[in-house]
Amino acid sequence: GAGVSQSPSNKVTEKGKDVELRCDPISGHTALYWYRQSLGQGLEFLIYFQGNSAPDKSGLPSDRFSAERTGGSVSTLTIQRTQQEDSAVYLCASSTGLAGDGDTQYFGPGTRLTVL
Amino acid sequence: AQSVTQLGSHVSVSEGALVLLRCNYSSSVPPYLFWYVQYPNQGLQLLLKYTSAATLVKGINGFEAEFKKSETSFHLTKPSAHMSDAAEYFCAVSDRRGGYNKLIFGAGTRLAVHP
């Protein structure tokens, strides 16, 4: 079946603009994660959704970052007033959310964000 | 807190040679451990995972890893490298304290395979 999809694949924006990044998880997956991959920081957890709620937002780097998930499916990560240090690849992953057996996360191809 | 250390940011092997990518972890609870591979401009693909069953875990593409609690290691191996194995490899430990698998990644190891 279809995997995790993300859009856009690439986004170039000017400093100070807002951006929205979209993630479509695998159908039926209740858990959704956002990670950021940057040269300086490696792969970092940003936020976790179970259904439409986000019990763990501990990785969001500042209040300029927010995310929502609607209908237990699509998620949007919004970055307001972008800064150059926000430049990174933003990866989304989904999983069944079932406890045990490692609950494998399936990753999308990512959105490469460049802030000029 | 959980953490992962991958020794060697770059590893280069000859085609047909043994691949060994090192991963050591720190975890306050029995860990779930993962190896992911990332090809250029692609997302992460799961190679294998350890979830407290057999300590020798076999994954896709001929890779395997052995969980050694005494050494807090989870090294990835493949007996014979292929050109198509050239990619970046990430070891991760799951922080399961919240009842979900928040992944903590190592810095990654870029594997080069030369003829």
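Here, the structure is the one placed above.
All values reported here derive from a predicted model rather than from experimental measurement. (Residues numbered from 1 in each chain as written. Chains lettered and ligands numbered in written order. Predicted model: local features only at pLDDT ≥ 70, side-chain atom pairs only at ≥ 80, totals over all residues. Heavy atoms only, no water.)

Student: Whenever I open this one, the overall build of chain A confuses me. Can you help?
Tutor: Along its length, chain A carries zero helices and 11 strands. Taken from N to C terminus, the helices and strands of chain A fall in the order β-β-β-β-β-β-β-β-β-β-β. Taken over the C-alpha trace, chain A has a radius of gyration of 14 Å; the compact-globule value for 116 residues is 13 Å, and the two agree within 12%. Considering only C-alpha atoms, chain A reaches an extent of 40 × 30 × 25 Å along its principal axes. Considering only contacts in chain A between residues 6 or more positions apart, those separated by 24 or more positions represent 53%. With 10 positive and 12 negative side-chain charges, chain A shows a separation of 6 Å between the mean positions of the two kinds. (Helix = DSSP H or I, 4+ residues; strand = E, 2+ residues; numbered from the N terminus. Rg over C-alpha atoms; globule rule 2.2 N^0.38 Å. Contact = heavy atoms within 4.5 Å. Lys, Arg positive; Asp, Glu negative; His and termini not counted. Charge placed at Lys NZ, Arg CZ, Asp CG, Glu CD.)

Student: Even after reading the chapter, I still don't get the sheet that holds strand 8 (residues 75-79) of chain A, so can you show me in this structure?
Tutor: Remark on secondary structure: sheet strands pair via backbone hydrogen bonds, oriented parallel or antiparallel. All names here are of chain A. Strand order in this open sheet of four strands is 1-3-8-7, and the pairing throughout is antiparallel. For this open sheet the edge positions go to strand 1 (5-7) and strand 7 (65-69), each flanked by a neighbour on one side alone. The mean angle between the axes of side-by-side strands here comes to 15 degrees, regardless of whether they run parallel or antiparallel. When strand 7 meets strand 8, the two strands line up antiparallel, connected through five bridges. What sits directly across from Ser66, in strand 8, is Thr78. (Pairing = 2+ DSSP bridges. Axes fitted to C-alpha atoms, helices over the stretch in contact; angles between N-to-C directions.)

Student: I keep staring at the interface of chain A and chain B and nothing clicks. Help me out?
Tutor: Taken residue by residue, the interface counts 19 residues in chain A and 17 residues in chain B. Between chain A and chain B the total buried area reaches about 1,600 Å² when both faces are included, carbon and sulfur atoms providing 52% of it. Taking the shortest distance from any N to any O, the salt bridge between Lys102 of chain B and Asp56 of chain A comes out at 3.6 Å. The interface formed by chain A and chain B holds eight residue pairs in polar contact (both at pLDDT 80 or more) in total. (Buried area = accessible area lost by both parts, 1.4 Å probe. Salt bridge = Lys/Arg side-chain N within 4 Å of Asp/Glu carboxyl O. Polar contact = N/O pair within 3.5 Å; in protein donor to acceptor, adjacent residues only side chain to side chain.)

Keep in mind these values describe shape, not function.
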